[in-house]
Amino acid sequence: MNATDLLANTLSADANTRQDATQKLENASRDSYPEYMLMLSSVLVDESSAVHVRNAAGLALKNALTARESTRQTDYSTRWLSLGAESKAKIKQDALITLGSTSQKAGAFAAQVVAAIAAVELPQGQWPDLIEILLGFVNNQPNPNLKIATLQTIGYICETIKPEILSLRSNEILTAVIHGARKEEPSQDVQIAAIHALFNSLEFVRENFDREGERNYIMQVVCEATQSPSVSVQIGAFECLVRIMGLYYDKMALYMEQALFGLTVVGMKHPDERVALQAVEFWSTVCEEEVDLAIEAQEAQDYGEVPETESRYFAKIALPEIIPVLLMLLTKQEEEADDDEWNVSMAAGTCLSLLAGAVQDAIVPAVIPFIEAHIKAEDWRHREAAVMTFGSILEGPDPTVLTPLVNQALPLLIDMMTDTNSHVKDTTAWTLGRICDLLISTIKPDVHLHPLISALVNGLQDSSRIVANCCWALMNLADQLGLYYEDESETPQSGPLSPYYEGVVQALLRVTESTSNEANFRTAAYEAITSYLTQATPDAIPVVQTTVVTILQRMEQLLTMQNQILGTDDRNNWNELQSNLCGVVICVVRKLNEGIQPLADRIMTIILQLIQAAGKTSTVLEDAFLVVGSMASALESNFAPYIQAFLPFLYPALKAHEDTQLCTVAVGIIGDISRALGEQSSQYANPFMTVLLENLQSDVLNRNVKISCLSCFGDIALAIGPSFEPYLDTTMNVLRQAGAVEPNPLDYDLVDYVSQLREGILEAYTGVVTGLKKTEKVNLLLPHAQSILDLIQRCLVDAERTDSLMKLSYGLLGDLADCFPGGQLKQLLLANWVANELRSKHRMPAETKKTMRWAREMVKAATQ
């Protein structure tokens, strides 16, 4: 079969044909990479090939060069770079020629290929003349197709390559892009491609944005493009404005005043929804920026500093202009709106919520007249818009401003749960959920609870979206009332929800009997059940006990059905249900603690069967393992009888290095078992330590899981105390080496990772030190004291240290000093940095300060 037929077959409607062709291409890419790449590029450049086949060739080329996972990307890059010079030159030449194809689509495929090769070669200092070639294509060619595809290429390159790699050419790139984006450009297609390229290069041209003259010109071109006769150009221009506001807020005051206020308010009224959506998104971005700046300003004030960027209060200034437009857009709902379809009414609701966060109290008088005028309107669209407005402003303004309004609105909203229109009921249920979540104190138990719960429970028999929102509202009601009464000094025997517990949980259980999970309503019902059981007061414990028995019966029933599962949908449904059921069991185990003992055999039998049935379905395995972890924590030493049966399932999960989540959960279980059994767990310490050390040496395992492994050393050491001696030296060496890692301060991801790594190491050291403290083996710590103190010093002097890192450091310093009150560490603890850090005047939470004072006392006692 020739290449063209093979590529055509990858797009076949027949699954077997498609799979066979894809497999043959994958084999070719693996077994004869140079020939494979040359074959693809020859199809891509061939003007006589069908466009869909050229598309398949371009896609296959791009996929052979780019990958989402970093390890695979490294392999692909190495494979390309080691290709022969002639082959590489031929493929690059073919891709560049295809940019000028008579078919615009073929040019677009080639743009992705050129950008994919550039992403591999430019960082290595290869293909140095590429930018020159591309600029030549844009500036000097009469062929509009070539200009379009080249601008697309430039946009893709700017999006994927770090700016510093092309910093010397950024001016020329920007000039070429802006030239194509001007209103004078004769080809609209070229202008659209240039606007999209500009969008992708906005972060890339940061230095140009710092220069006023260049910034003015860029803003002029973008603003003019919003007025283009082409709707596609307008959409692209508004997308650019959204991105510019997100990146360069601090430079926007002049442009807001002169153009952007007016342009975007008019844009929100645009008859084409795609333009209106971007104009609304512009104001959503403004609000997000100003909410962040308000938080930063508050933090700066707390520290007596000046914020780096000050808010210009654009949202507050524009409020009178944008509120009427947003409220008008809220009434543009679609009768049969698809959940996944983003429309202008949804966008306006989101913008209104963000606006409430940005302008706070000022939004209330701006929208109340609209709510009052429309909440009882004949037209359902106006009723729904009024309720949506009310629900959208509940977070941002001061609760004391909102409370009287909510008190007034609650009876009406509860009544509206019986509205004739399902959209109105859906939004009302969501609004009631927001009230329960954000303003629980407005719900008076003796006045509102009965009608509110009745309305929400009745709503559980409605359409799936309404059911999901009623479940969410009921969940918030339980969670927030639980928190509201949590502050009472002694746990009350009953709470305001006590009379309703059985009825609500039974109603939610009926919802969960559904075979469907449309709009996630069944999952929402299980989450609500979990909240009610978690927040149960002592008088509602019988409900918790009967519910868990029902849940276990369902798990047993599902296990008997698993052989009847036929298709993927059935399997996914089974997996999802088991995960939901595990979630309920975990919350009950945590609630009842040792009270779960009578059901322990039954739970563990079910869970071990579930682990076997789940096979390699990691989500179900994770949830099943979390049940085991909660059982270990609840039963403590009584968990011992189940360990031998469970370990054969734990070890494979610990060795599943490709599955980050499952491996993380499995490592956590080692900690749970060690804590539960205490000294009894020493019989398992050897296999546990062996597998943890193997995990640390894995090249595949995610580095964050390795942090969990280090922290787990501390759990084992703390549990078995002096019995940890055989593993002490190895552990301390590993911890010392890991503690020596220093981040590059410019690599934020690495800075964050090193901070988490150090927390894991400090937790491990704390477990080891505490495990040996006040035992006859305490002197084993002496040779390691210096390296422990070195890490503590490194953590405390780090300008980027977190509060949790400081608390761990002080705690470990105190623990180490407390181990040697006889002065064995006197010289080390008298180092100047120790005294300085223990007298630190840094701002810190009260708990951290308390730990620091305790550490100071311990060090003082150890250096007398």
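Just so you know, these numbers come straight off a predicted model, no measurement behind them.

Student: Looking at this model, I keep getting lost on the overall build of the protein chain. Mind explaining?
Tutor: Secondary structure summary: the protein chain contains 41 helices and zero strands in total. The C-alpha atoms of the protein chain give 32 Å as radius of gyration, which agrees with the globular expectation for 864 residues (29 Å, within 12%). Every one of the 864 residues in the protein chain was classed for burial, and the buried ones make up 52%. Within the protein chain, contacts between residues separated by at least 24 positions form 71% of all contacts whose residues are at least 6 apart in sequence. Roughly 39,300 Å² of accessible area belongs to the protein chain as shown, and the carbon and sulfur atoms make up 50% of that amount. Of the side-chain charges in the protein chain, 63 are positive and 108 negative, and the distance between the mean point of each set is 4 Å.

Student: Explain helix α19 (residues 363–374) here, please?
Tutor: The periodicity of an α-helix, 3.6 residues per turn, causes residues three or four positions apart to be oriented the same way. The terminal C-alpha atoms of α19 lie 17 Å apart, and with twelve residues this matches the ideal 16 Å at 1.5 Å per residue to within 8%. Within α19 the residues assigned to the buried category are Ile-363, Val-364, Val-367, Ile-368, Phe-370 and Ile-371. Looking at the buried side of α19, the elements it contacts are α17 (314–330), α18 (344–359), α20 (380–392) and α21 (399–415).

Student: What am I meant to see in the nonpolar core here?
Tutor: Looking at soluble globular proteins, one finds that nonpolar side chains tend to be buried together. Counting residues in each nonpolar core, the largest one holds 316 residues, and the members touching the most others are Met-252, Leu-355, Leu-477, Phe-625 and Leu-650. The residues contacting Phe-625, other than those within four sequence positions of it, are Ile-611, Phe-646, Phe-649, Leu-650, Ala-653, Leu-662, Val-665, Ala-666 and Ile-669.

Student: Got a minute to help me understand helix α9 (residues 144–160) in this structure?
Tutor: Taking 1.5 Å of rise per residue, 17 residues should cover 24 Å, and α9 covers 25 Å from first to last C-alpha, within 8% of that figure. Among the 17 residues that make up α9, twelve are buried, leaving the element largely enclosed by the rest of the structure. The backbone nitrogen of Asn-145 lies 2.9 Å from a side-chain oxygen of the residue at the head of α9, namely Asn-143.

Student: Quick question: what am I supposed to make of the pattern of salt bridges here?
Tutor: It is possible for side chains bearing opposite charge to pair when their charged atoms get close. Inspection of the entire model under this criterion finds 28 salt bridges. One salt bridge connects Asp-31 with Arg-30, and the closest N-O pair in it is separated by 3.8 Å. In terms of burial, Asp-31 and Arg-30 fall into one category: exposed. Two residues, Asp-815 and Lys-773, come together in a salt bridge whose shortest N-O distance is 3.0 Å. Remark: Lys-773 occurs in the loop between α36 (748–772) and α37 (785–797) and Asp-815 occurs in helix α38 (residues 803–819); sequence separation between them is 42 residues.

Student: Is there a simple way to think about the environment of Arg-215 in this case?
Tutor: With respect to the helices and strands, Arg-215 occurs in helix α13 (residues 212–225). Classification of Arg-215 by relative accessible area gives buried; the value is 12%. If we ignore the near neighbours within four places in the chain, the residues touching Arg-215 are Asn-208, Phe-209, Asp-210, Lys-251 and Tyr-255. Within the structure, Arg-215 has its side chain in polar contact with the side chain of Tyr-255 (distance 3.1 Å).

Parameters at a glance
Every chain begins its residue count from 1, and numbering advances along the sequence as written. Local features in this predicted model are restricted to residues whose pLDDT is 70 or higher, and side-chain atom pairs enter the listing and the counts only when it is 80 or higher, whereas totals over whole chains, interfaces and linings include all residues. Water and hydrogen atoms were dropped before computing side-chain values, which therefore reflect all heavy atoms in the structure. A run of H or I in DSSP becomes a helix once it reaches four residues, and a run of E becomes a strand once it reaches two; helices and strands are each numbered from the N terminus. We take the radius of gyration over the C-alpha atoms and set the globule estimate at 2.2 Å times the residue count to the 0.38 power. Think of it in three bands: residues with accessible area under 20% of the maximum for their type are buried, residues over 50% are exposed, and the middle band is partly exposed, with areas taken using a 1.4 Å probe on protein chains only. Whether two residues are in contact is decided by their heavy atoms, any of which lying within 4.5 Å being enough. Residue burial considers only the protein chains on display, and all accessible areas are found by Shrake-Rupley using a 1.4 Å probe. Two residue types count as positive, namely Lys and Arg, and two as negative, namely Asp and Glu; His and chain ends fall outside the count. To locate a charge, the coordinates of NZ of Lys, CZ of Arg, CG of Asp or CD of Glu are taken. Multiplying 1.5 Å by the residue count of a helix minus one yields the expected span of that helix. In plain words, nonpolar cores are sets of buried Ala, Val, Leu, Ile, Met, Phe, Trp, Tyr and Cys residues tied together by side-chain atoms within 4.5 Å. Polar contacts here mean pairs of N or O atoms no more than 3.5 Å apart (in protein, one a potential hydrogen donor and the other a potential acceptor; neighbouring residues in sequence count only if both atoms are side-chain atoms). What counts as a salt bridge is simple: a side-chain nitrogen of Lys or Arg found within 4 Å of a carboxyl oxygen of Asp or Glu.

No statement about biological role is implied by the geometric values presented.
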